[in-house]
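Listed below, chain by chain, are the residues.
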Amino acid sequence: MILVDGITLLCNDLQVDPQDIVMLVVSWHMKAATMCEFSKQEFIGGLQSLGIDSLDKFRERISFMRAELKDEQKFREIYNFAFAWAKEKGQKSLALDTAIGMWQLLFAEKQWPLVDHWCQFLQAKHNKAISRDTWSQLLEFARTVDPALSNYDAEGAWPYLIDEFVEYLTENGIVQNR
């Protein structure tokens, strides 16, 4: 196993901050089961699938992996991968503070203007772990509903938490009444 210390050394060798979103993409390529660790099989399999056989090649592939985040389909796959990867072993849900950290990382890339309001709302009103359903539906919400919520359908099949978020945005004057 390569654990936190080994990953930190790898990041130093790659000249990448361990908190850089590209490390999530690396973990996705390696099909890593858990945040901050790679099994030997995951690591070798990931390097082979990326055609990496040297540190120089690994460094060269970083910009390619960063660019994958711009691809809508790959971003969705990486986003969905992040839920299982980031949650504690044996848990069905993602701890709220972990989810917020992951959303801030992912939506900084995707540039969803409501991400900070979403995180504030969760801390103020929800304060519980995040289900996979809420996790995956939030990406759909961010992708399809404009930031002014003009095309939000209250009768749509959004999880209750997203409906409550829309109410929170309206009640707090963050968006105007639709």
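Residues numbered from 1 in each chain as written. Predicted model: local features only at pLDDT ≥ 70, side-chain atom pairs only at ≥ 80, totals over all residues. Heavy atoms only, no water.

Some details on the overall build of the protein chain
Across its full length, the protein chain holds 9 helices and 0 strands. Counting only residues that meet the buried cut, the protein chain has 43% of its 178 residues in that class. Surface accessibility of the protein chain: about 9700 Å² in total, with carbon and sulfur atoms responsible for 48%. Positive and negative charge centroids in the protein chain, built from 18 and 26 side chains respectively, lie 5 Å apart. (Helix = DSSP H or I, 4+ residues; strand = E, 2+ residues; numbered from the N terminus. Buried < 20%, exposed > 50% of the residue type's maximum accessible area, 1.4 Å probe, protein only. Areas by Shrake-Rupley, 256 points an atom, 1.4 Å probe, with all protein chains shown as cover. Lys, Arg positive; Asp, Glu negative; His and termini not counted. Charge placed at Lys NZ, Arg CZ, Asp CG, Glu CD.)

Looking at the packing of helix 2 (residues 22-29) against helix 4 (residues 55-68)
Running from N to C, helix 2 and helix 4 cross one another at 95 degrees; their axes reach a closest spacing of 9 Å. Judged on the interaxial angle alone, helix 4 and helix 2 are roughly perpendicular. When helix 2 is examined against helix 4, the residues Val22, Val25, Val26, Trp28 and His29 are found in contact with a partner set consisting of Phe58, Ile62, Phe64, Met65, Arg66 and Glu68. (Axes fitted to C-alpha atoms, helices over the stretch in contact; angles between N-to-C directions. Parallel < 35°, antiparallel > 145°, perpendicular 65-115°, else oblique. Contact = heavy atoms within 4.5 Å.)

What to know about the packing of helix 6 (residues 96-110) against helix 7 (residues 115-126)
Running from N to C, helix 6 and helix 7 point in directions that differ by 175 degrees, and their axes come no closer than 10 Å. Judged by the angle between their axes, helix 6 and helix 7 are roughly antiparallel. Where helix 6 abuts helix 7, its residues Leu96, Ile100, Trp103, Gln104 and Phe107 lie against Val115, Asp116, Trp118, Cys119, Leu122 and Gln123. The residue inventory of the contact of helix 6 with helix 7, partitioned by class, reads 8 nonpolar, 2 polar and 1 charged. (Nonpolar A, V, L, I, M, F, W, Y, C, P; charged D, E, K, R; others polar.)

Here we look at the nonpolar core
In this structure, Phe58, Trp103, Trp112, Trp118, Trp135 and Phe141 are the most contacted members of the largest nonpolar core, which totals 63 residues. Those residues in contact with Trp135 that sit more than four places away from it in its chain are Tyr79, Asn80, Ala82, Phe83, Leu94, Ala99, Met102, Trp103, Leu106 and Ile130. (Core = buried A, V, L, I, M, F, W, Y, C linked by side-chain atoms within 4.5 Å.)

Thoughts on helix 4
Relative to the 20 Å expected for 14 residues at 1.5 Å per residue, helix 4 spans 20 Å between its end C-alpha atoms, a close match to the ideal helical length. Within helix 4, the axis deviates most sharply at Arg61, by approximately 30 degrees. Buried within helix 4 we find Phe58, Ile62, Met65 and Glu68. Tucked into the core, helix 4 has its buried residues touching helix 1 (4-14), helix 2, helix 3 (40-50) and helix 5 (72-86). (Expected span 1.5 Å × (residues − 1). Bend = angle between axes of the 7 residues up to and from the residue.)

Focus: the packing of aromatic side chains
Enumeration over the complete set of coordinates arrives at 18 aromatic pairs. An angle of 55 degrees between the planes, with centres 5.1 Å apart, marks the rings of Phe107 and Trp112 as tilted. For Trp112, a relative accessible area of 6% translates into the label buried. Between Phe141 and Phe165, the ring centres sit 6.4 Å apart and the planes meet at 70 degrees, which makes this aromatic pair edge-to-face. Remark: Phe165 occurs in helix 9 (residues 160-171) and Phe141 occurs in helix 8 (residues 132-144); sequence separation between them is 24 residues. (Phe/Tyr/Trp six-rings, centres within 6.5 Å; stacked < 30°, edge-to-face > 60°.)

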